[in-house]
Amino acid sequence: MNAIILTAIWGVVMMFSGVFVKSKSVPKYLAILGIAIAFIANGIELNSGNSWFTINVHGMLATNSFNLTFIAIALGSTLIYFLLSAADVERTGKHVGEYFALIFFVLCGVSLCATYKTLLMLFIGIEIMSIPLYILTGSDKRNLRSNEAALKYFLMGCFSTGIMLMGIAFIYGGTPNASFFIDNIQAGTGKMPVMIAIGMLLLMVSMSFKVSAAPFHFWTPDVYDGAPTVFTSFMSTIVKVAGFFAFVRLFESAFGTMHLQWQKLIIIITIATLLIGNVTAVFQQSVKRMLAYSSIAQAGFMLLALFALNDKAREGLLLYSAGYSLATVGIFAVLIKMEDYTIDGFKGLAKQQPVLALTATVFLLSLTGIPLTIGFQSKFYMLMAAVENGSNFWVVIVAVLFAAISAYYYFRVIQAMYFKEPTQETLLVSNISTPFKIMLVIVAVLIIAFGIYPEFIIGWKYH
Amino acid sequence: MLGTYFTFPELMIWLPLVAGILCFFTKKESAAKSIAIIFSLLALAVSVTSLFYTADKFSSYNNVNYYWMKYLGNSLNIGMDGTGRILTLLTTLSFPIIFIATSGRSYKNAPAFYGLMLLTQAGLTGVFVSVDALLFYFCWELALVPVYFLCSKWGGEKAIPTTFKFFVYTFTGSLLMLIGIIYVYLHTPARMFEDHTQVAHSFSLTAFYNANLSATEQNWLFWLFFIAFAIKMPVFPFHTWQPDTYDQSPTSVTMVLSGIMVKMGLFGVIRWLIPVFPLATANYSHLVMILAIIGIVYASCIALVQDNLKKLVAYSSIAHIGLMCASLFAMNEVSVQGMMIQMFNHGINIIGLWIVVEMIERQTGVKTISQLGGIAGKAPVLTIMLLIIALANIALPLTNAFTGEFLMFSGLYTFNPVYAAFAGLGIILAAAYTLNMIQKIFYGEANIITADVKDIAWNEKLVLGVIVCIIFVVGVYPQPLIELTKSAVNMLVSKVH
């Protein structure tokens, strides 16, 4: 509960910081302070099990070590994101305080998505998470593509929200005692009632849209490409994995007993997502767009958690959230500094900026899933979950073949950085400060440390 | 000291690892080079010392077990058996040879080059000593990453796409193997740790040997593992990455690839494939042997018409590995024993060949056989050395390869005379293309390209001398190598029969 309340309060504080403080850099430090407080408060709650705030939520929200760990991952990733890229948030436009305020509201939505117990709270969480993102996408006001992306995202988002509401309505009508509580949707193990089946299908479609799973992914490349890079970094990582967390929790609690009935649909979505994400990413020239497709491809791997829906899948989801977020936030932080976003723009980076190139290599290796990085551990857990699941073994084989394809586009960047000569004198927009470099190295070290000791993240289960 | 704080295999991993990291922090080429040579010699010393402590009572010197991801029933379990010993010996012996032989060559950004080479050594050693499936997988992949950078950065003009092909091939194979590992893991018996924590499954080697797998499961799991190993070896039809990669890589990396890295595939079969899936091995041994024998004949035929010196050696290597693979799957004591010592001998011989090839290429800038000629008059010592190594390569009696190939062929013959006959074609063809190559390069008239060839320098004399010594000593007295691997061979064969 700490995280929900603190992020909401701090969002308001940030909003007013823009009004009362004229200096441009104050909001940045306030934001870092705020996220650090929220992270620590959440850590204390995870450790002791007690929240600082006692509010009667009538069981509509519930915390346990599993979802508190997820919130810790989300807040921790945001903290790292702020430390790496807060200066670039400042550079986006005039309304610095508001940008940070919106990010805090998103985090409030993320926390709701992690702890919801009723479909209404899920809906509120998803909406709180999405609406600030529409604004952030369009925050580069004078850029036509940013505007286009925002409008596109907004229209598609509204559409999927409508579908989701429709689904909730069906389920509400279909449950015997008309309840919003996800544990009360007594779907049983037999044949699914028609109303619930329709409701579940609609929920699946709308959640697939939120996590950009194929064939509901069409908005993703354009929106990620059009939005200011610094916000793409945020929404393709923390927000996306929060969507996944909500997705998995919903289908596990509400429809877990009917797993085998909808597993086939998830298989279709998973394979389609892996196929489209990986194959299209291969042909991209712009690294930003490549990362957009790579985020679709990684979503395909995360969908294996829904395919398997067991203990290992839950652990894998946490590891994947952390691994994917850390590596992607890191690679975006490097990307923002580049003059030219195409792969050619990375040529010869290793010579000019060895630290940037080396850390970027670690991030890319982690995304590929090379051992010693957390990216490997997350893929390993997902595969273990999927194999343990027992049925439809071939899906696992297909998934790893696509993982092998992903090596192609991640390694193209590494090749450009290390083995090619630079095309222009300066590759970077601005000078790289030493704290930024230190921060990048810290992230790379974290990726390797978690890759060796994943207990740091999934330890909640073994205490 | 030893046994309580350090064990031999740990030292053999840590020495190159530390040295590799040290190299990255040096500025001068000479410093990096001396670090590489000194530490690789130290590792060799450790490896040789360990050969005197093989008895059971020294088990604490050779085996070690740390907790790591315990909740998965996993541990950092390192140990050496006969197979591990002979391959770590090959690894620790090859690296100083490679470093000294190529020390005349100057590399761009040398500290990084030597650093990556030493990291490769650490990874390779890790593969040969890990007794835990997940640790094995880690090292298997990690040995590949530095090699990827080495080949791409310091290779020929087409090195980047070629190396990437190699990387994707092996990466795909490893991922398939990873699924296999996970599947076997989920069928292993429960494991009780020393502190009485119980976990449902385990990655340890013994657990894998006791995994509860039906014959049908073994049948398809066999292929998930085998494809990974077949790509690494490489066995026909998974070999297409190899000639290009050998051709494009810097020669010192090619030595690592062909001398040691291909043994990873054979080692994987010995430790992780045959004993884990004995039923499937019996089932598919004919198929694998036929593939391997096709590979022998096919690669030898291509080598016969090959005009590129480096590719010729590459194809000859495919043929040799094919023979080793075939005799491994013949699964009788004689053939497996021959294959064990041949792994070592082939590594030594092929590195010797590459040293000579590198020297010719460096001095003339040419690797096309038809453009060379008459080197014997300019470099007599080099010629003699090469002749001995080449004769070892075609397994003439008194050379090291003879013992191995003789055992392999007699084992193959007891398994199936027809297979032995076809595999025997490989020897005849090997003699043809090797002697043909020597004739064209070393004899005849010297031309403009070969006019300025100088004889070998002291460092090359030293390493080639060492190699020639090993060739003769092992050729005359192979008993120590056989003793070293005998128990491992017996254990492996007993798993299947």
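Residues numbered from 1 in each chain as written. Chains lettered and ligands numbered in written order. Predicted model: local features only at pLDDT ≥ 70, side-chain atom pairs only at ≥ 80, totals over all residues. Heavy atoms only, no water.

Within chain B one finds 21 helices and four strands. The C-alpha radius of gyration of chain B comes to 22 Å, within 12% of the 23 Å expected for a compact globule of 497 residues. On the principal axes, the C-alpha backbone points of chain B span a range of 75 × 55 × 45 Å. Taking all 497 residues of chain B together, 66% fall into the buried category. Taking the contacts inside chain B whose residues are at least 6 apart along the sequence as the reference set, 82% of them involve residues at least 24 apart. Taking the average place of the 25 positive charges on the side chains of chain B and the average place of its 22 negative ones, the gap between the two points comes to 6 Å. (Helix = DSSP H or I, 4+ residues; strand = E, 2+ residues; numbered from the N terminus. Rg over C-alpha atoms; globule rule 2.2 N^0.38 Å. Buried < 20%, exposed > 50% of the residue type's maximum accessible area, 1.4 Å probe, protein only. Contact = heavy atoms within 4.5 Å. Lys, Arg positive; Asp, Glu negative; His and termini not counted. Charge placed at Lys NZ, Arg CZ, Asp CG, Glu CD.)

Quick look at the overall build of chain A now. For chain A, the helix and strand inventory stands at 19 helices and zero strands. Radius of gyration (C-alpha) of chain A: 21 Å, near the 23 Å computed for a compact globule of 463 residues. Projected onto its principal axes, the C-alpha coordinates of chain A cover approximately 70 × 55 × 45 Å. Burial statistics for chain A: of 463 residues in total, 63% are counted as buried. Accessible surface computed for chain A: about 16200 Å², of which carbon and sulfur atoms make up 68%. Across chain A, the 27 positively charged side chains and the 20 negatively charged ones have centroids separated by 2 Å. (Areas by Shrake-Rupley, 256 points an atom, 1.4 Å probe, with all protein chains shown as cover.)

All names here are of chain B. When you tally the buried positions in helix 6 (residues 133-142), you get nine out of 10 residues, the bulk of the element. When helix 6 is considered as a whole, its buried residues turn out to be Ala133, Leu134, Leu135, Phe136, Tyr137, Phe138, Cys139, Trp140 and Glu141. By the N-cap criterion, in which a side-chain oxygen at the helix start approaches the backbone nitrogen of a residue two or three places on, helix 6 is capped by aspartate 132, the distance to leucine 134 being 3.1 Å. (Polar contact = N/O pair within 3.5 Å; in protein donor to acceptor, adjacent residues only side chain to side chain.)

Omega for the bond connecting alanine 214 of chain A with proline 215 of chain A falls within 30 degrees of zero, at 0°, which places this linkage in the cis form. Tracing the backbone shows proline 215 of chain A in the loop between helix 7 (194-210) and helix 8 (219-226). At the junction of methionine 233 of chain B and proline 234 of chain B, the peptide bond is cis and its omega measures out at -10° in the coordinates. Assignment of secondary structure puts proline 234 of chain B in the loop between helix 10 (215-232) and helix 11 (242-248). Of note, the phi angle at asparagine 109 of chain B is positive, near 55°, even though the residue is not glycine.

Turning our attention to the domain arrangement of chain B. Residue and element names in this part refer to chain B. When cut into domains, chain B gives domain 1 (1-276) and domain 2 (306-497). Of note, the centres of domain 1 and domain 2, computed from C-alpha atoms alone, are 23 Å apart. Every contact between the two is made by 45 residues of domain 1 and, on the other side, 43 residues of domain 2. Taking both partners together, domain 1 and domain 2 bury about 3800 Å²; carbon and sulfur atoms supply 78% of that area. For domain 1, the biggest contributors to the area lost against domain 2 are Ile86, Asp247 and Ile274; these three give 16% of the whole. For aspartate 244, the salt bridge is made with lysine 311, and the minimal N-O distance between the two is 3.4 Å. Elements represented by at least two residues in the side of domain 1 that touches domain 2 include exactly helix 4 (82-101), helix 10, helix 11 and helix 12 (251-273). (Domains from an automatic or database assignment. Buried area = accessible area lost by both parts, 1.4 Å probe. Salt bridge = Lys/Arg side-chain N within 4 Å of Asp/Glu carboxyl O.)

Right, let's talk about the side chain of serine 286 of chain A for a bit. All names here are of chain A. The residue serine 286 is located in the loop between helix 10 (259-282) and helix 11 (287-302) in this model. A distance of 3.2 Å separates the side chain of serine 286 from the backbone nitrogen of lysine 288, its partner in a polar contact. Reaching out from serine 286, the side chain makes a polar contact with the backbone nitrogen of arginine 289 at a distance of 3.2 Å. Among all residues touching serine 286, those that are not within four sequence positions of it are Tyr341 and Thr342.

All names here are of chain A. Within helix 8, seven of the eight residues are buried, which leaves it mostly tucked inside the rest of the structure. Of all the positions in helix 8, only Trp219, Thr220, Pro221, Val223, Tyr224, Asp225 and Gly226 are classed as buried. In this fold, the buried residues of helix 8 make contact with helix 5 (119-137), helix 6 (144-174), helix 7, helix 9 (229-253) and helix 11.

All right, on to the interface of chain A and chain B then. Interface extent is often summarised as the accessible area lost during association of the parts. Taken residue by residue, the interface counts 38 residues in chain A and 30 residues in chain B. Interface of chain A and chain B: buried area, both sides summed, is about 3100 Å²; carbon and sulfur atoms make up 84% of it. When residues of chain A are sorted by the area they lose upon contact with chain B, Pro371, Phe380 and Phe419 of chain A head the list and together hold 18% of the total. The interface formed by chain A and chain B includes zero salt bridges. Linking chain A to chain B there are three residue pairs in polar contact (both at pLDDT 80 or more).

What follows deals with the packing of helix 4 (residues 96-115) of chain A against helix 5 of chain A. All names here are of chain A. Viewed as axis vectors pointing N to C, helix 4 and helix 5 meet at an angle of 155°, and their least axial separation amounts to 8 Å. Classified by the angle their axes make, helix 4 and helix 5 are roughly antiparallel. In this structure, helix 4 meets helix 5 at a crossing whose hand is left-handed. In this structure, helix 4 uses Tyr99, Leu102, Ile103, Phe105, Val106, Gly109, Val110, Leu112 and Cys113 to contact helix 5, whose residues at the interface are Met121, Ile124, Gly125, Ile126, Ile128, Met129, Pro132, Leu133, Ile135 and Leu136. (Axes fitted to C-alpha atoms, helices over the stretch in contact; angles between N-to-C directions. Parallel < 35°, antiparallel > 145°, perpendicular 65-115°, else oblique. Left-handed = near helix turned anticlockwise from the far one by under 90°.)

Take the side chain of threonine 232 of chain A next. Looking at where threonine 232 of chain A falls in the secondary structure, it is placed in helix 9. Residue classification places threonine 232 of chain A among the buried residues on the basis of a relative accessible area of 1%.

In this structure the tally under the stated criterion is zero disulfides over all chains. In this structure cysteine 108 of chain A is not part of a disulfide, and its nearest cysteine sulfur, from cysteine 113 of chain A, lies 10.0 Å away. Judged by its relative accessible area of 8%, cysteine 108 of chain A falls in the buried class. The thiol of cysteine 325 of chain B is unpaired, and the distance to the nearest cysteine sulfur, on cysteine 301 of chain B, comes to 19 Å. (Disulfide = S-S within 2.5 Å.)

A separate point is the pattern of salt bridges. Residues and elements named next belong to chain A. Under the criterion given, the structure shown has 20 salt bridges over all chains. Aspartate 88 is the salt-bridge partner of lysine 337, the closest N and O atoms lying 3.6 Å from each other. One end of the pair, lysine 337, is in the loop between helix 13 (311-336) and helix 14 (349-352); the other, aspartate 88, is in helix 3 (residues 65-92), and 249 residues separate them in sequence. Each member of the pair lysine 337 and aspartate 88 is classed as buried. Here aspartate 311 and arginine 314 are joined by a salt bridge, their closest N and O atoms 2.8 Å apart. Of the two residues, aspartate 311 and arginine 314 are both situated in helix 13; the distance of three residues between them amounts to about one turn of the helix. A single salt-bridge network, built from bridges that share partners, covers Arg145, Lys152, Asp222, Asp225 and Arg289.

Residues and elements named next belong to chain B. Note that valine 305 resides in helix 13 (residues 278-305). With relative accessibility at 70%, the residue valine 305 sits in the exposed group. With 252 residues separating them in the primary sequence, valine 305 and tyrosine 53 have C-alpha atoms 48 Å apart.

Bringing a nonpolar patch on the surface into the picture now. All names here are of chain A. On the surface, Val12, Met15, Phe16, Val19, Phe20 and Val21 cluster together into a nonpolar patch covering about 540 Å² of accessible area. Considering the arrangement of structural elements, one finds methionine 15 in helix 1 (residues 2-20). With a relative accessible area of 35%, methionine 15 lands in the partly exposed category. (Patch = residues over 30% accessible without salt bridge, like charges linked within 9 Å, V, L, I, M, F, W, Y side chains within 5 Å.)

Turning to the environment of alanine 357 of chain A, a few remarks are in order. Residues and elements named next belong to chain A. Structurally, alanine 357 is set in helix 15 (residues 354-368). Judged by its relative accessible area of 0%, alanine 357 is buried. Counting along the chain gives 57 residues from alanine 357 to isoleucine 414, while the straight-line C-alpha distance between them is 8.0 Å. Beyond its immediate stretch of four places on either side in the chain, alanine 357 contacts Leu349, Ala350, Met417 and Tyr418.

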